[in-house]
Amino acid sequence: MQNIDLHNHSRVSDGLLAPADLVRLAAANGVTDLALTDHDDVGGLEEARQAAKQQGIRFVNGVEISVTWQHQTVHIVGLQVDPDNRSLQEGLQAIRSGRLARAERMAQDLARAGIPGALEGALRHAHNPNIIARPHFARFLVEQGLARDVPSVFKRFLVKGKTGYVRHAWAELSQAVSWIRGAGGVAVLAHPGRYALNDLTLNTLIDEFVQAGGEAIEVVTSNHTREQTDYFAAQVVRRGLLASRGSDYHGPGESRFEPGKLPALPLSCPPVWQRWAPPAHPEPPASTRSS
Ligand code: AMP
Ligand code: MN
Ligand code: MN
Ligand code: MN
């Protein structure tokens, strides 16, 4: 049985586990094909690939690129990218260099609210100092006794309108998609149900993503409700796109689903992994497939 999970984080970005430990957990959970998709960094792929080889599971090179679209942060996952591609590397490097300046401003805002030492505190949680992200701040705030756990932090801090939030310009949507495609990869719109966009704006986002060369939508992901999964499955079918499945796992105690433990893709949508692993048997005619 296939169990394909194409969205996972390690401590190379804001996950908690080393890449090899993530792979071992995924293999123990029965994952047969795993992508590591750290934010804006491909530095964990080699370690993960070797661990996957040892575990006898297939490994997919991935990355999750931070994008600003219409003043909103949107994430684009790249799958099967060549991590040595020059433009991809330069693009990711540019995004990473913006993260430290943003972190300094976040820490200043927290200090003004009476929470000193947040930059140093967050950096202590960042295994890769080049990727300083909000979960590192969140773990520091939990450590300080300011919230019970990481999800609770995001209710009171670090989000728009709350202490510690800083506006930031990430990459442009078209840039992110072209870096991924230029590196031989497939661009996937990550967790679309998570963006605070109305249907019309969401449709415009998908239109622009497709115009830029985006080919897939993450239909099954840990924070989608059943209704959202069905909604995006219908979008995939209507637009002739591909569908992805990924847990967006960040580590023990921080994620709703462990690698491989989330629902299957709806049968109505063509899976993105057909791109690199075409089905062994021809598909049944559309009329016999459940929807
Ligand atoms: P950053 O790239 O620094 O803006 O951090 C974004 C990361 O913060 C996401 O990839 C998630 O891992 C985490 N995050 C954002 N919002 C929430 C939330 N409401 N609850 C838990 N984690 C969140
Ligand atoms: Mn994250
Ligand atoms: Mn994301
Ligand atoms: Mn993610």
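Residues numbered from 1 in each chain as written. Chains lettered and ligands numbered in written order. Predicted model: local features only at pLDDT ≥ 70, side-chain atom pairs only at ≥ 80, totals over all residues. Heavy atoms only, no water.

## A short note on the site of ligand 1
Near ligand 1 the following residues occur: Asp-14, His-39, His-75, Arg-99, Arg-102, Ala-133, Arg-134, Pro-135, Phe-154, Arg-194 and His-250. Taking Arg-102, its side chain carries an N or O atom lying 2.7 Å from an oxygen atom of ligand 1. Between ligand 1 and the protein, one listed contact pairs an oxygen atom with a side-chain N or O atom of Arg-134 at 2.8 Å. Isolated, ligand 1 exposes 500 Å² of accessible area, and the fraction of that covered by the protein chains is 79%. When contributions to the shell around ligand 1 are tallied by element, the ones reaching two or more residues are helix H3 (86–112) and helix H5 (134–143). A breakdown of the residues in the shell around ligand 1 according to their chemical character gives three nonpolar, three polar and five charged. Two domains share the shell around ligand 1, each providing at least three of its residues, namely domain 1 (4–92 + 169–288) and domain 2 (97–156). (Near = heavy atom within 4 Å. Polar contact = N/O pair within 3.5 Å; in protein donor to acceptor, adjacent residues only side chain to side chain. Areas by Shrake-Rupley, 256 points an atom, 1.4 Å probe, with all protein chains shown as cover. Helix = DSSP H or I, 4+ residues; strand = E, 2+ residues; numbered from the N terminus. Nonpolar A, V, L, I, M, F, W, Y, C, P; charged D, E, K, R; others polar. Domains from an automatic or database assignment.)

## So, the coordination of the manganese ion (ligand 4)
Protein ligation of the manganese ion (ligand 4) involves His-7 (NE2), His-9 (NE2), Glu-64 (OE) and Asp-248 (OD), the donor distances falling in the range 2.1 to 2.2 Å. Ordering the donors of the manganese ion (ligand 4) by residue number gives the pattern H-x1-H-x54-E-x183-D. Between the two metals, the manganese ion (ligand 4) and the manganese ion (ligand 2), the spacing is 4.5 Å. One end of the pair, His-9, is in the loop between strand S1 (4–5) and helix H1 (19–28); the other, Asp-248, is in the segment after strand S7 (242–246), with 239 residues separating them in the sequence. The same class applies to His-9 as to Asp-248, namely buried. (Donors = N, O, S within 2.8 Å, 3.2 Å for Na, K, Ca; no water. Buried < 20%, exposed > 50% of the residue type's maximum accessible area, 1.4 Å probe, protein only.)

## Comments concerning the packing of aromatic side chains
Aromatic rings considered in pairs are described by the distance between their centres and by the relative angle of their planes. Evaluation of the coordinates by the stated rule reveals one aromatic pair. With 4.9 Å between their ring centres and 90 degrees between their planes, Tyr-231 and Phe-232 make a pair best called edge-to-face. Residue Phe-232 is classed as buried on the basis of its relative accessible area, which comes to 2%. (Phe/Tyr/Trp six-rings, centres within 6.5 Å; stacked < 30°, edge-to-face > 60°.)

## Description of the pairing of S7
Counting buried residues in S7 gives five out of five residues, a clear majority hidden from the surface. Residues Leu-242, Ser-244 and Gly-246 of S7 are buried on one face, and the alternating residues Ala-243 and Arg-245, pointing to the opposite face, are buried as well. At this point the chain moves from strand S6 (residues 216–221), through helix H9 (residues 226–239), to the parallel S7, and the crossover so formed is right-handed. (Right-handed = clockwise from strand over helix to strand, strands pointing away.)

## Examining the confidence of the model for the chain
Looking at the chain as a whole, its pLDDT mean stands at 95, while 97% of the residues score no less than 70. The lowest-confidence element of the chain is helix H6 (residues 150–156), averaging 96 in pLDDT; the highest-confidence one is strand S5 (residues 186–189), averaging 99. (pLDDT = per-residue confidence, 0-100.)

## Quick notes on the sheet that holds S5
Judged by pairing direction, the sheet is mixed, and its seven strands sit side by side in the order S1-S2-S3-S4-S5-S6-S7 without closing on themselves. This sheet does not close on itself; its edge strands, each paired only once, are S1 and S7. Pairing of S1 with strand S2 (residues 33–36) involves two bridges; the strand directions are parallel. By the bridge assignment for S2, Ile-4 is matched with Asp-33. Against the sheet, helix H8 (residues 199–211) contacts strand S3 (58–69), strand S4 (72–79), S5 and S6, and its axis sits at roughly 175 degrees relative to S5. (Pairing = 2+ DSSP bridges. Contact = heavy atoms within 4.5 Å. Axes fitted to C-alpha atoms, helices over the stretch in contact; angles between N-to-C directions.)

## Thoughts on the coordination of the manganese ion (ligand 3)
The coordination sphere of the manganese ion (ligand 3) contains the protein donors Glu-64 (OE), His-75 (ND1) and His-191 (NE2), at a distance range of 2.1 to 2.2 Å. Written as a sequence motif, the donor residues of the manganese ion (ligand 3) are E-x10-H-x115-H. Separating the manganese ion (ligand 3) and the manganese ion (ligand 2) is a distance of 5.4 Å. Taken together, the residues span a long stretch of sequence, with Glu-64 in strand S3 and His-191 in the loop between S5 and H8 at a distance of 127 residues. Neither Glu-64 nor His-191 differs from the other in exposure class; each is buried.

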